[in-house]
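The lines below spell out each chain.
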Amino acid sequence: MPLRLLPTLCLVISINTVLPAVATATPSEQHRQFDLPTYVHQPLPQTLQTAQDWQTVGINALIAQDYINSLQAFNKAVDLSAGQNPEILEQRGWVNYLQERYERAIADLNQAASLYQDQSQTANYRNVRRMRLFIETQAAQQDISS
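All of these numbers come straight from a predicted model, not from anything done at the bench. (Residues numbered from 1 in each chain as written. Predicted model: local features only at pLDDT ≥ 70, side-chain atom pairs only at ≥ 80, totals over all residues. Heavy atoms only, no water.)

Engineer: It is not clear to me how the overall build of the protein should be interpreted in this structure. Could you clarify?
Structural biologist: Of regular secondary structure, the protein possesses six helices and zero strands. Ordered by position in the sequence, the α and β elements of the protein form the string α-α-α-α-α-α. Among the 146 residues that make up the protein, the fraction classed as buried is 36%. About 9,200 Å² of surface is accessible on the protein, with carbon and sulfur atoms providing 53% of the total. (Helix = DSSP H or I, 4+ residues; strand = E, 2+ residues; numbered from the N terminus. Buried < 20%, exposed > 50% of the residue type's maximum accessible area, 1.4 Å probe, protein only. Areas by Shrake-Rupley, 256 points an atom, 1.4 Å probe, with all protein chains shown as cover.)

Structure, rendered in structure tokens:
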């Protein structure tokens, strides 16, 4: 009998380890999920002069789970892009979420959503809105449990 339960148990463990990374937006939209920002390790640029250079530093620091340096690099990237690059704002918003800085994360994602909408990037706009709703839900749950 225990051998028959083993595959089910493995499935439950697998699902529980995957689900936190892909979350639902709201209870009314449980079938709607968002994609996490993309983080692919890249070689460091030789100079750090552009927003993209600093974005690369931020991504690499995030991959290394160095959230402090990741945020600093994303802050510099946002400054150099004059806050007009929605992808950088989305990535910084997610790092803020990982650091439980929910208000900052939501502000970044609101700005990213607005820019995506202005640029007619509908899929990215919707994804960022779902991500923001997820973070709002997480923040509310943390306030309730505190």
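Now that the structure is up, let's keep going.
Engineer: I tried to follow helix α4 (residues 86-98) on my own but got confused; where do I start?
Structural biologist: With 13 residues, α4 extends 18 Å from end C-alpha to end C-alpha; this agrees with the ideal 18 Å at 1.5 Å per step. Most of α4 is tucked away: eleven of the 13 residues are buried. All buried positions along α4 are accounted for by Pro86, Ile88, Leu89, Glu90, Gln91, Arg92, Gly93, Trp94, Val95, Asn96 and Tyr97. Tucked inside the fold, the buried residues of α4 contact α2 (51-63), α3 (67-80), α5 (102-118) and α6 (122-145). Capping the start of α4, asparagine 85 holds a side-chain oxygen 3.0 Å from the backbone nitrogen of glutamate 87, two or three residues further along. Positive phi appears at glutamate 100, one or two residues downstream of α4, with a value of about 60 degrees. (Expected span 1.5 Å × (residues − 1). Contact = heavy atoms within 4.5 Å. Polar contact = N/O pair within 3.5 Å; in protein donor to acceptor, adjacent residues only side chain to side chain.)

Engineer: Which parts of the structure should I look at to understand unusual backbone geometry?
Structural biologist: Glycine aside, the phi torsion of most residues is negative, and most peptide linkages are trans. We note that glutamate 100 has phi near 60 degrees; this positive angle belongs to a residue other than glycine. Assignment of secondary structure puts glutamate 100 in the loop between α4 and α5. Its identity is not glycine, yet serine 120 carries a phi of approximately 60 degrees, on the positive side. Checked against the element boundaries, serine 120 lands in the loop between α5 and α6.

Engineer: Whenever I open this one, the side chain of asparagine 60 confuses me. Can you help?
Structural biologist: Structurally, the position occupied by asparagine 60 is in helix α2. A polar atom in the side chain of asparagine 60 sits 2.6 Å from the backbone oxygen of glutamine 42. What asparagine 60 contacts, discounting residues up to four positions off in sequence, is Val40, His41, Gln42 and Leu44.

Engineer: Even after reading the chapter, I still don't get the pattern of salt bridges, so can you show me in this structure?
Structural biologist: Side-chain pairing between opposite charges can occur once the charged atoms of the two side chains come close. All chains considered together, the criterion is met by two salt bridges. Linking aspartate 108 and arginine 92 is a salt bridge whose minimum nitrogen-to-oxygen distance equals 2.7 Å. With aspartate 108 in helix α5 and arginine 92 in helix α4, this pair connects stretches of sequence that are 16 residues apart. When sorted by exposure, aspartate 108 lands in the same class as arginine 92, which is buried. Close ionic contact of arginine 132 with glutamate 136 constitutes a salt bridge, the shortest N to O distance being 3.3 Å. Note that arginine 132 and glutamate 136 are positioned in helix α6 at a spacing of four residues, about one turn of the helix. Using a relative accessible area of 32% as the deciding quantity, one classes glutamate 136 as partly exposed. (Salt bridge = Lys/Arg side-chain N within 4 Å of Asp/Glu carboxyl O.)

Engineer: What am I meant to see in the packing of aromatic side chains here?
Structural biologist: Two aromatic rings, taken as a pair, are described by how far apart their centres are and by the angle between their planes. Evaluated as defined, the whole model comprises six aromatic pairs. Ring centres 4.6 Å apart and planes at 40 degrees place the aromatic pair tryptophan 94 and tyrosine 97 in the tilted group. One end of the pair is tryptophan 94 and the other is tyrosine 97, both in helix α4 and three residues apart, which spans about a single turn. For tryptophan 94, a relative accessible area of 7% corresponds to the buried category. Judged by its relative accessible area of 14%, tyrosine 97 is buried. Judged by centre distance (5.9 Å) and plane angle (45 degrees), the ring pair of tyrosine 97 and tyrosine 102 falls under tilted. (Phe/Tyr/Trp six-rings, centres within 6.5 Å; stacked < 30°, edge-to-face > 60°.)

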